[in-house]
Amino acid sequence: MESKAPAAPSPAANEFRSDTFTTPTPAMLEAMKNATFGDDVYQEDKTTRDFESEIGRLTGMEEALFMLSGTMGNQIGVRVHLFQPPHSVLCDYRAHVYAEEGSGLAVLSQAMVTPVHPANGLYLTLGDVEQWVTLGDDIHTAPTRVVSLELTIGGVLTPLEEIEKISSFARSHGIKVHCDGARLWNACAATGRSLADYCQHFDSVSMCVSKGLGAPIGGVLASTRQNIKQARWLRKMQGGGIRQAGVLTAAAMVALKEVWPTMAATHRKAKQLEKDLGEMGVVPQIPVDTNFFFIDAAKSGIDMGVLLEECAKANVKLMDERIALHHQISDEAIGNLRSAIAEAVKRTKALPVGYISTYKTAGYGSTSKMNEYNQLKYK
């Protein structure tokens, strides 16, 4: 009996830049090949309908709609709650829906944004929302119509009790609550709570399937039947009404069943990395609750240009301060990353005064400022 050759490592095995670099698994590719080929614009594709029904079941929401990206899901998810300006959206200053989606709220929803800096440096609380919400009909203002919470935010968990308090407050004032749940899968894996436990506190939830879940393309929006009817219209308007969507949703369904259960193991690797780096004096800006470690370069005594040079030598890919772990990262790559960081710490100590690295940093603008206050102590 012939033994099977070991599976080739994923091209993402050394990719610490983001969990968006994950690649389709063999099972996903097989499912894509065997997908149905109905027309999803006419809601005639069985594979897509089955996927959307499963998301509705998992979230406890009335309906769900496949989206071409998490960005599309977020922007449409907020837009269905907004009607006539003036109106505003309250969110964390680091939130993707505000800071990383090409000014979508301004362009697509004509919305003012209230970007809030959490008092605890980590996640929004009811106190933050109460302080910054705009209520009433003062004509000088743009009343808050939507509060958007990102779960997770920089990999940090927002306590479910805090989400419940924010939701209760918002709903008591007629304000809708949207969840950018790009990594809500990670929150569930870390806390053991179900999607429905989280989603009951939101009016709309957008989730990515192409980040930690590892499907090649897309996201999904869950909400009420009426909101999804409107979202389908907006999706068509934005060029997201594709035809044979089953080729994509087939991979997403496999991701739910094959990859989601592995997230807890990925989180354990992130915690082990935190421990290993801590022994070198390398500390994070914010807690390592799930799959991200944001290096505090200043406190850790690391010149980021030097670190990126060392990563290139060690054949690991890093985008500035953020280290992202996912199911396809190899143990060898983690070892190589640790070695690169150790060498960068050593080299930084020996740098002459005024040294400027020639290596260009080119990541998200927020990776060095995930916690402005930076006063928390990490164990």
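Quick look at the structure, then. Predicted model, so just to flag it, every value in this text is computed and none were measured.

### A look at the layout of surface pockets
The volume enclosed by the largest pocket comes to roughly 250 Å³. Around the largest pocket, the lining comprises 22 residues; the ones closest to its centre are Thr20, Thr71, His96, Cys208 and Lys211. Examining the composition of the lining of the largest pocket, we find that three residues originate from one element, helix H3 (residues 70-79), more than from any other. Across the lining of the largest pocket, the residue classes break down as six nonpolar, nine polar and seven charged.

### Observations regarding empty space enclosed by the protein
Scanning the model with the defined rule gives three cavities of 30 Å³ or more in all. The computed volume of the second largest cavity comes to approximately 60 Å³. What lines the second largest cavity is Asp92, Tyr123, Leu124, Leu149, Glu150, Ile153 and Thr158. Of the residues that constitute the lining of the second largest cavity, the class distribution is four nonpolar, one polar and two charged.

### Focus on the packing of helix H14 (residues 304-313) against helix H15 (residues 331-349)
Describing two packed helices takes the angle between their axes plus the distance from one axis to the other. Packing of H14 against H15 leaves a shortest axis separation of 8 Å and a crossing angle of 140 degrees. Considering the angle they form, H14 stands oblique to H15. Viewed along their axes, H14 and H15 form a crossing whose handedness is right-handed. Along its contact with H14, which presents Val306, Leu307, Glu309, Glu310, Cys311 and Lys313, the element H15 presents Leu337, Ala340, Ile341, Glu343, Ala344, Arg347 and Thr348.

### Points about the environment of Tyr123
Summarising the element assignment, Tyr123 is placed in the loop between strand S3 (112-116) and helix H6 (126-132). Sequence spacing of Tyr123 and Thr152 is 29 residues, and the spatial spacing of their C-alpha atoms is 9.1 Å. Look past the residues within four positions of Tyr123 in its chain and what remains in contact with it is Arg94, Pro118, Asp128, Ile153, Val156, Leu157, Thr158, Pro159 and Glu162.

### Quick notes on unusual backbone geometry
The omega torsion across Pro85 and Pro86 is 10 degrees, close enough to zero to call that bond cis. Its location among the elements puts Pro86 in the loop between H3 and strand S2 (88-92). A cis amide bond links Leu151 with the next residue in sequence, Thr152, at an omega value of -5 degrees. Positionally, Thr152 belongs in the loop between strand S4 (144-150) and helix H7 (160-172). The phi torsion at Gln43 lies on the positive side, around 55 degrees, for a residue other than glycine. Examined against the element boundaries, Gln43 turns out to sit in the loop between helix H1 (26-33) and helix H2 (46-59). Look at Gln110: it is not a glycine, yet its phi comes out positive at around 50 degrees. With respect to the helices and strands, Gln110 occurs in the loop between helix H5 (104-109) and S3.

The rules behind each value
- Residues numbered from 1 in each chain as written.
- Predicted model: local features only at pLDDT ≥ 70, side-chain atom pairs only at ≥ 80, totals over all residues.
- Heavy atoms only, no water.
- 1 Å grid on protein atoms, 1.4 Å probe; cavity = no way out; pocket = protein on both sides within 12 Å on 5 of 7 lines; lining within 4 Å.
- Points joined across faces, edges and corners; volume = space filled by probe spheres on them.
- Helix = DSSP H or I, 4+ residues; strand = E, 2+ residues; numbered from the N terminus.
- Nonpolar A, V, L, I, M, F, W, Y, C, P; charged D, E, K, R; others polar.
- Axes fitted to C-alpha atoms, helices over the stretch in contact; angles between N-to-C directions.
- Parallel < 35°, antiparallel > 145°, perpendicular 65-115°, else oblique.
- Left-handed = near helix turned anticlockwise from the far one by under 90°.
- Contact = heavy atoms within 4.5 Å.

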